[in-house]
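Summary of the model geometry
For reference, the chains in residue letters:
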Amino acid sequence: MLKLPLKSISLRYLLPFLAIYLGLLAFSYLPPVRTGIKDIARTRTGKLLTSLLPDAIFISDPNRINHTELNSQITLAYGNRAAITQAVRQEGSVGVDVRLLSYELDPTFLMGTFFFIALVLISPVTWKRKGISLLIGGLLLYAFNAVLVYAFAIQRIASADIGIYELSAQQFNWYKGIGNVLNNANIFVIPLVVWGLLTFRREDLKRFVD
């Protein structure tokens with residue numbers, strides 16, 4: 001019968017993992033860091049959605065949105081690109097119909113990413129493999145996050161009834177299902193799977209119990 005040295009595992013892996021993970025979360029809440037992260041996330045999300053949903057326009061500048069965000073939220077304004085372009089030509093900025101799209105920064109991007117980083121850093125593998133895992137895994141997590149944000153955004157746009165990206169009930173439920181699955185798996189399940197697939201080889205598993 002296999003007996004795992006729980007005390008040794010706790011000291012070698014669990015405590016360092018918690019220190020790294022909680023340390024990254026705490027660091028992200030420092031006001032200058034939080035502001036920088038939100039600016040980057042807001043800008044990248046705006047560019048991503050603009051490329052994926054070209055019939056819509058997304059405004060990521062908080063000064064133009066005139067909306068006060070919560071500390072944990074990212075907010076963009078969106079609207080029908082053609083309708084807004086026509087309204088601006090005819091009326092300037094008056095009468096432009098825009099809606100707000102908000103999502104939670106921490107569960108959408110940070111918590112899963114920090115979870116993955118902590119797992120990689122405490123793994124008993126070479127630093128070269130850790131670096132490769134962080135690079136490839138970071139790209140994969142960003143791709144999953146992009147799909148999540150896209151699924152959420154297209155649902156909101158379809159529900160707003162602004163003349164673009166109208167979905168049938170079946171399509172809407174399909175996007176909703178994808179969003180729910182990714183949202184529930186985004187913090188722990190997806191990072192855990194990506195970590196396991198990228199970081200370890202079969203022989204590495206023995207190091208956890210040696």
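Heads up: the structure comes first, above all this text.
Residue positions are given per chain, counted from 1 along the sequence in the order it is written. Per-residue local features are limited, in this predicted model, to residues with pLDDT of at least 70; the limit for side-chain atom pairs, both in listing and counting, is 80 or more; totals at the level of whole chains, interfaces and linings are taken over all residues. The side-chain figures draw on all heavy atoms in the structure; neither hydrogens nor water molecules are used.

1. Section: the environment of V149
Threshold: Each helix is a run of DSSP H or I of at least 4 residues and each strand a run of E of at least 2, with the numbering of both proceeding from the N terminus. Only protein chains enter the accessibility calculation, which uses a 1.4 Å probe. A residue is then buried if its area is under 20% of the maximum for its type, exposed if over 50%, and partly exposed in between.
By the element assignment, V149 lies in helix α6 (residues 127-160). You can call V149 buried: its relative accessible area is 5%. Between the C-alpha atom of V149 and that of L49, which follows or precedes it by 100 residues, the distance is 8.2 Å.

2. Remarks on the sheet that holds strand β1 (residues 56-59)
Spelled out, the test is: Strands were regarded as paired on the criterion that DSSP finds at least two bridges between them. Angles shown run from 0 to 180 degrees and are taken between the N-to-C directions of axes, each axis being a line fitted to C-alpha atoms and, for helices, limited to the stretch in contact. Throughout, a contact is declared for two residues whenever any of their heavy atoms are within 4.5 Å.
In spatial order, the strands read β1-β2-β3; together these three strands make up an open sheet with antiparallel pairing. Only two strands of the sheet have a single neighbouring strand rather than two, namely β1 and β3 (99-104). On average, each strand axis in the sheet is inclined to that of its neighbour by 30°, with strand direction left out of account. Both strand β2 (residues 73-80) and β3 contribute to a ladder of six bridges, which runs antiparallel. By the bridge assignment for β3, T75 is matched with S102. Sheet contacts for helix α2 (residues 31-52): β1, β2 and β3; angle to β2, the most-contacted strand, approximately 30°. Against the sheet, α6 contacts β1, β2 and β3, and its axis sits at roughly 150° relative to β3.

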